[in-house]
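Now for the letters of each chain:
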Amino acid sequence: MKLFTKTALAVAGISMATMAFAADPLHNTTWQTFDEGKPKGTVKITESNGVLTGKLIDTVSAKGKKHVGMTIISGLKADGGGKYSGGTITDPEKGKDYRMTASLNGNTLNLKGYIGPFSRSQQWKKK
């Protein structure tokens, strides 16, 4: 019985360590957003069950303060190699959702929002 207990604890410990190392590099990170080269706001990205979500936690404009707390990224999933897809990004000021992809390159997050054949790109910097 002692052998079973020790083995079970060892397996549980290894599983927990593996899960800690498997956390997505975007999980629990904070990003400075930019629009047309100017700082716009701050987004906190978290991960739950392999799905990334980003919430607006601060903004530089008084007009944008009403959007603080809003989820602006949802459904984003890792494809591997720093690439992400399957998500949507919301323009807080217009309230419109766009399909999105993203790629992580060091401390830069490159985002691309799509509506039909048109797209728009932004680069966010890690805080």
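Residues numbered from 1 in each chain as written. Predicted model: local features only at pLDDT ≥ 70, side-chain atom pairs only at ≥ 80, totals over all residues. Heavy atoms only, no water.

### Quick word on the sheet that holds strand β5 (residues 83–91)
Spatial strand order, β1-β2-β3-β4-β5-β6-β7-β8: 8 strands in a closed barrel with antiparallel pairing. The average undirected angle you get between the axes of adjacent strands in this sheet is 30°. (Pairing = 2+ DSSP bridges. Helix = DSSP H or I, 4+ residues; strand = E, 2+ residues; numbered from the N terminus. Axes fitted to C-alpha atoms, helices over the stretch in contact; angles between N-to-C directions.)

### Things to note about the pairing of strand β1 (residues 29–35)
For β1, a buried count of 5 out of 7 residues is recorded, marking the element as mostly surrounded by other parts of the structure. With 7 bridges connecting them, β1 and strand β2 (residues 38–48) associate as antiparallel partners. Note that in β2 the partner of phenylalanine 34 across the bridge is proline 39. As paired elements, β1 and strand β8 (residues 118–126) share 2 bridges and run antiparallel to each other. Counted as the bridge partner of tryptophan 31 is lysine 126 from β8. (Buried < 20%, exposed > 50% of the residue type's maximum accessible area, 1.4 Å probe, protein only.)

### Re the environment of serine 103
Turning to its location among the elements, serine 103 is positioned in strand β6 (residues 96–105). What makes serine 103 buried here is its relative accessible area of 18%. Along the primary structure serine 103 and glycine 80 are separated by 23 residues, whereas in three dimensions their C-alpha atoms are 9.7 Å apart. Once residues lying within four places of it in the same chain are set aside, the contact partners of serine 103 are Gly82, Lys83, Thr108, Leu109 and Asn110. (Contact = heavy atoms within 4.5 Å.)

### Examining the environment of serine 74
Here serine 74 shows up in strand β4 (residues 71–80). A relative accessible area of 31% means that serine 74 is categorised as partly exposed. A sequence separation of 29 residues divides serine 74 from isoleucine 45, and the C-alpha atoms of the two residues are 9.7 Å apart.

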